[in-house]
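The lines below spell out each chain.
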Amino acid sequence: MTDKPTYGVVLLYSTSAAIRAEKLTQEAGLKVKLIPVPRQLSSDCGISLRFEWDQADVVRSVLEEKGMEIQGIHRIE
Amino acid sequence: MTTIVDNETAKSNVSHMAARQGCQVDVEEREDGFYVRLTKGEQPAEETAPQMAAAPASGPLILTVPSDIMGRGDEELGGILVRAFFHTLGEVEPLPQTIIFFNSGVKLVVEGSPVVEDLQALKAQGIEILACGTCLGHYELKERVAVGEVSNMYTIAETMLGAGKVVSL
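Rules and cut-offs
Residues numbered from 1 in each chain as written. Chains lettered and ligands numbered in written order. Predicted model: local features only at pLDDT ≥ 70, side-chain atom pairs only at ≥ 80, totals over all residues. Core = buried A, V, L, I, M, F, W, Y, C linked by C-beta atoms within 7 Å. Buried ≥ 20, exposed ≤ 12 C-beta atoms within 10 Å, placed from the backbone. Helix = DSSP H or I, 4+ residues; strand = E, 2+ residues; numbered from the N terminus. Contact = placed C-beta atoms within 7 Å. Pairing = 2+ DSSP bridges. Axes fitted to C-alpha atoms, helices over the stretch in contact; angles between N-to-C directions.

### Details of the nonpolar core
Consideration 1: Grouped together as the largest cluster of nonpolar side chains are 48 residues, with contacts concentrated most on Val10 of chain A together with Phe101, Val106 and Val109 of chain B.
Consideration 2: Looking at this core element by element, the count peaks at six residues for helix H2 (residues 75-89) of chain B.
Consideration 3: Apart from residues lying up to four places away in sequence, Phe101 of chain B is in contact with Val65, Val106, Leu108, Val109, Ala131 and Cys132 of chain B.

Here's what the structure looks like:
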């Protein structure tokens, strides 16, 4: 637990979109986790997709390639 | 007094029960079973007259998890919510002293459950995790427990009734 990676979250427009985003990124072999939207952020949907920040570009391209609308991508501390 | 039991779960249940009663517990593993030697503690357990006590004024916070999904309705959503809940538990206060999983809730403590890592982290923080053994048996998951202890209704009932507050997921 000492070398925790830096994480980011993808905000989406609905819970079903978040579920779909999780599936797509997992299929692409990415390490992701659905978590509540961190308190300091807000979105239309209460669930966000957490990923390892150094994979931000891959996550974005996987989702955009499948035509998913991304509300925002944020680094979380 | 020595009790001989033939499996790990029974050994741990007897040991826990005895320890709660203030006994000293020594376990010896032999070929024909576990020999659990119980020695009465110095402080005799309080006279246990049947009690219809008022709820304990103070006592631990206990969380019960009766299902592998959170709330009723869409199951996929319920699964997401339960995952979000256990993730969040690592970041909020107060934390429960014990989390008890029963019925389909036990599916959350076995290999492949999406919340195993969160539960392991909670356990590492000192939170006790109990899973109903009957329930694990019913779902044929007893061999796949990944976190926490296999418990029984005595411990579960005592833990719930001795709580200051029980929160059910």
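That shown, we press on.
### Describing the environment of Gly79 of chain B
Residue and element names in this part refer to chain B.
Consideration 1: By the secondary structure assignment, Gly79 is in helix H2.
Consideration 2: Classification of Gly79 by C-beta neighbours within 10 Å gives partly exposed; the count is 18.
Consideration 3: For Gly79 and Cys135, which are 56 residues apart along the polypeptide, the C-alpha to C-alpha distance reads 19 Å.

### Concerning the sheet that holds strand S8 (residues 165-168) of chain B
Residues and elements named next belong to chain B.
Consideration 1: Ordered by their spatial adjacency, five strands build an open sheet running S7-S6-S5-S4-S8, and the pairing between neighbours is parallel. In this open sheet, the two edge strands, each paired with only one partner strand, are strand S7 (149-151) and S8. Each neighbouring strand pair of the sheet contributes to a mean axis angle of 30°, computed without reference to strand direction.
Consideration 2: As judged from the four bridges shared by strand S4 (residues 61-65) and strand S5 (residues 98-101), these two strands associate in the parallel manner. By the bridge assignment, Thr64 is partnered in S5 with Ile100.

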